[in-house]
Amino acid sequence: MLLSIDFGSDQPIYMQIRDGIVAGIASGQLQDGDPLPSVRTLGSDIGVNLHTVNKSYRLLQSEGFIEIQRSRGTFVKAGDAAKNAANFLQESGNLMHAFVSEAITRNVDRAVIHRMIDHIYDELEGKKS
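Residues numbered from 1 in each chain as written. Predicted model: local features only at pLDDT ≥ 70, side-chain atom pairs only at ≥ 80, totals over all residues. Heavy atoms only, no water.

Participant: For this particular structure, what's the right way to read the nonpolar core?
Facilitator: It is characteristic of soluble globular proteins that their nonpolar side chains tend to be buried jointly. Residues Ile17, Ile21, Ile25, Tyr57 and Phe65 are the most contacted members of the largest nonpolar core, which totals 21 residues. Only α1 (13-27), α2 (39-46), α3 (50-62) and α4 (80-105) provide two or more residues apiece to this core. A per-element tally of this core places α1 first, with four residues. Setting aside chain neighbours within four positions, we find Phe65 in contact with Arg18, Val22, Ile25, Leu60, Phe75, Val76, Lys77, Ala82, Ala85, Ala86 and Leu89. (Core = buried A, V, L, I, M, F, W, Y, C linked by side-chain atoms within 4.5 Å. Buried < 20%, exposed > 50% of the residue type's maximum accessible area, 1.4 Å probe, protein only. Helix = DSSP H or I, 4+ residues; strand = E, 2+ residues; numbered from the N terminus. Contact = heavy atoms within 4.5 Å.)

Following this line, the structure appears as structure tokens:
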């Protein structure tokens, strides 16, 4: 698995790892059931701390893109829903990046953005806030 990490980027390394794996799923380079390197192996291969890779894997697991099986390893979970989500997240990343950059420039607190997103989600899912 080839990941390109830009150590000079403003984007956190764990997000670069996550985005690289999501891009691999979206492009079809990573297929359902493909094994991913262990946390230690990937960290060593790309020159980052294993805790950084672990953070990426946990995020990917929570988003449904990978499955971590104790004592067996980590595997891609690239069903149709994951592929659709990967495509969406890949395509909307630039828009989200611009939005957050603007919020930071205007000194909008991150908690306000989180509440705003939660409110919109609740509203669109029909939940009362």
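Participant: Would you mind showing me how to read α2 here?
Facilitator: Helical periodicity: at 3.6 residues per turn, an α-helix aligns residues three or four positions apart in one direction. Inspection of α2 places Val39, Leu42, Gly43 and Ile46 among the buried residues, and these make up the whole buried set. Buried residues of α2 fall within an arc of 100° about the axis and therefore sit on the same side. Exposed positions of α2 whose direction lies more than 90 degrees from the buried face are Arg40, Ser44 and Asp45. Turning to α2, the residues buried within the fold contact α1 and α3. In the segment just after α2, Gly47 is the residue with positive phi, at about 75°. (Arc of directions from axis to C-beta.)

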